[in-house]
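Structural overview for review
Here's the letter readout for the chains.
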Amino acid sequence: VGVRRRALRVVHGLLPRVAPDGSKPRDVYARTFRVPTGSAPSAPRIAVLIGGLGISQQGTADAIARLPGAISLAFAPYGSDLERIVARARADGHEAFLQVPMEPFDYPENDPGPKTLLTTLSSRQNTEHLHWAMGRFQGYAGIVNYMGGKFMASEAAATPILREAHKRGLMVIDDGTSARSLVPQIATSLQQPNLRGDVHLDRVPTPAELDAQLARLEARARERGFALGIGSALPVTIERVARWARTLESRGIVLVPVSAGVT
């Protein structure tokens, strides 16, 4: 058993774990948040998670440099030099998440990439794929799905994966793109901190539509006190979100990292 565990570590890299003193990655790597001076404690809060980082070097560099630190970033496991890139993002104040490729309803026509978690694989095989993704870099507070409509709708497939992430001290984010996702219910049953996206910002990636979805996100936050927006690392998304973020304080809204909204 000891040999197998050491072999897994070599194959997958360093995997997140709960420390001997009980410290969990979701707490250690969460961005510290304090209500800005002058903001009302009851002010509406908005978190934004931008995914797809780590693949395009220029797009990733632009997101890290142009987006305020309160905006959280999700990194795909397929990029090169991820350890250095994520360390740089965290040094600039961004909270990091790992995007895990999961099976969509139209797979394999729509293929998230190698090591995708599939409903047709055993829980052991899917856990191996999860470990591969987890070992690609360190410093993330949780996992978020990449695609995954079909996988997240399967309780049998998703439960072992969420249980493994919970065992390793990670929070889980459902990007909210699939109405059939069981992730919030499964995570809650496991007492795993989780959050679901409220507004997909760039389903139609045009400046006008992005501005409309950002306005919708604000309205949701004013209605409920908190809202999570999900976007991709597209140049137009980075440009519009960066511009929008600069105006929030003047409208009495507080921009917070994703972990600040997790329950």
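Data block above holds the structure.
These numbers were taken from a predicted model, which means no experiment stands behind them.

1. Notes on the pairing of strand S2 (residues 72-75)
Burial along S2 is two-sided: Ser72 and Ala74 and Leu73 and Phe75, pointing in opposite directions, are all buried. As judged from the three bridges shared by strand S1 (residues 45-53) and S2, these two strands associate in the parallel manner. Across the sheet, Leu49 pairs through a bridge with Ser72, a residue of S2. What joins S1 to S2 is helix H3 (residues 57-66), and the crossover it makes is right-handed. With three bridges joining them, S2 and strand S3 (residues 96-102) adopt parallel strand pairing. Bridge pairing links Ala74 to Phe97 in S3. Handedness of the crossover joining S2 and S3 through helix H4 (residues 82-91): right-handed.

2. Details of unusual backbone geometry
A cis amide bond, omega 10°, links Tyr107 with the succeeding residue Pro108. Phi angles above zero are rare outside glycine, and Asp81 is one such case at about 60°. Within the fold, Asp81 resides in the loop between S2 and H4. In this model, Gln191 sits at a positive phi of 60°, which is unusual for a non-glycine residue. Residue position: Gln191 is located in the loop between helix H8 (183-189) and strand S6 (194-196).

3. Regarding the packing of aromatic side chains
Counting across every chain of the model gives three aromatic pairs. Judged by centre distance (5.2 Å) and plane angle (70°), the rings of Phe137 and Tyr140 are edge-to-face. Of the residues examined, Phe137 reaches a relative accessible area of 0% and is grouped as buried. Using a relative accessible area of 2% as the deciding quantity, one classes Tyr140 as buried. Linked through ring pairs, Phe75, Phe137 and Tyr140 together constitute an aromatic cluster.

4. Focus: the packing of H3 against helix H10 (residues 235-245)
In contact at an axis separation of 10 Å, H3 and H10 are set at 0° when each is read in the N-to-C sense. Considered as vectors, H3 and H10 are oriented roughly parallel to each other. Contacts between H3 and H10 involve Gly59, Asp62, Ala63 and Arg66 from the first element and Ile238, Glu239 and Ala242 from the second. Taken together, the residues that form the contact of H3 with H10 break down as three nonpolar, one polar and three charged.

5. With respect to the packing of helix H9 (residues 207-224) against H10
Two packed helices can be described by the angle between their axes and the distance between those axes. Between H9 and H10, the least distance of the axes is 10 Å, while the angle of their chain directions is 45°. The angle between the axes of H9 and H10 places the two elements in the oblique class. The handedness of the crossing between H9 and H10 comes out as right-handed. Of the residues in H10, those in contact with Pro207, Leu210, Asp211, Leu214, Leu217 and Glu218 of H9 are Val236, Thr237, Arg240, Val241 and Trp244. Of the residues that constitute the contact of H9 with H10, the class distribution is seven nonpolar, one polar and three charged.

The rules behind each value
Numbering of residues begins from 1 in every chain and follows the order in which that chain's sequence is written. Thresholds applied to this predicted model are a pLDDT of at least 70 for local features of residues and 80 or more for the giving and counting of side-chain atom pairs; totals over whole chains, interfaces and linings are not thresholded and use all residues. As a convention, hydrogens and water are excluded, and side-chain values are obtained from all of the structure's heavy atoms. Exposure classes here rest on a 1.4 Å probe applied to the protein chains alone. A residue is buried below 20% of its type maximum, exposed above 50%, and partly exposed in between. Each helix is a run of DSSP H or I of at least 4 residues and each strand a run of E of at least 2, with the numbering of both proceeding from the N terminus. A pair of strands is labelled paired if DSSP reports no fewer than 2 bridges between them. For a crossover, the right-handed case is the one in which the path from the first strand over the helix to the second runs clockwise, viewed with the strands pointing away from the viewer. When two rings of Phe, Tyr or Trp (its six-membered ring) have centres within 6.5 Å they constitute a pair, described as stacked for plane angles under 30 degrees, edge-to-face for angles over 60, and tilted for the intermediate range. Lines fitted to C-alpha atoms define the axes here, with helix axes fitted over just the stretch in contact, and angles between the N-to-C directions of these axes take values from 0 to 180 degrees. When an angle is under 35 degrees it counts as roughly parallel; over 145 it counts as roughly antiparallel; between 65 and 115 it counts as roughly perpendicular; any other value is oblique. Contact definition: two residues touch when any of their heavy atoms are within 4.5 Å. Residue polarity follows a fixed list, in which Ala, Val, Leu, Ile, Met, Phe, Trp, Tyr, Cys and Pro are nonpolar, Asp, Glu, Lys and Arg are charged, and the others, Gly among them, are polar. Crossing handedness is defined as follows: a turn of the near helix away from the far one that is anticlockwise and smaller than a right angle gives a left-handed crossing, while the clockwise case is right-handed.

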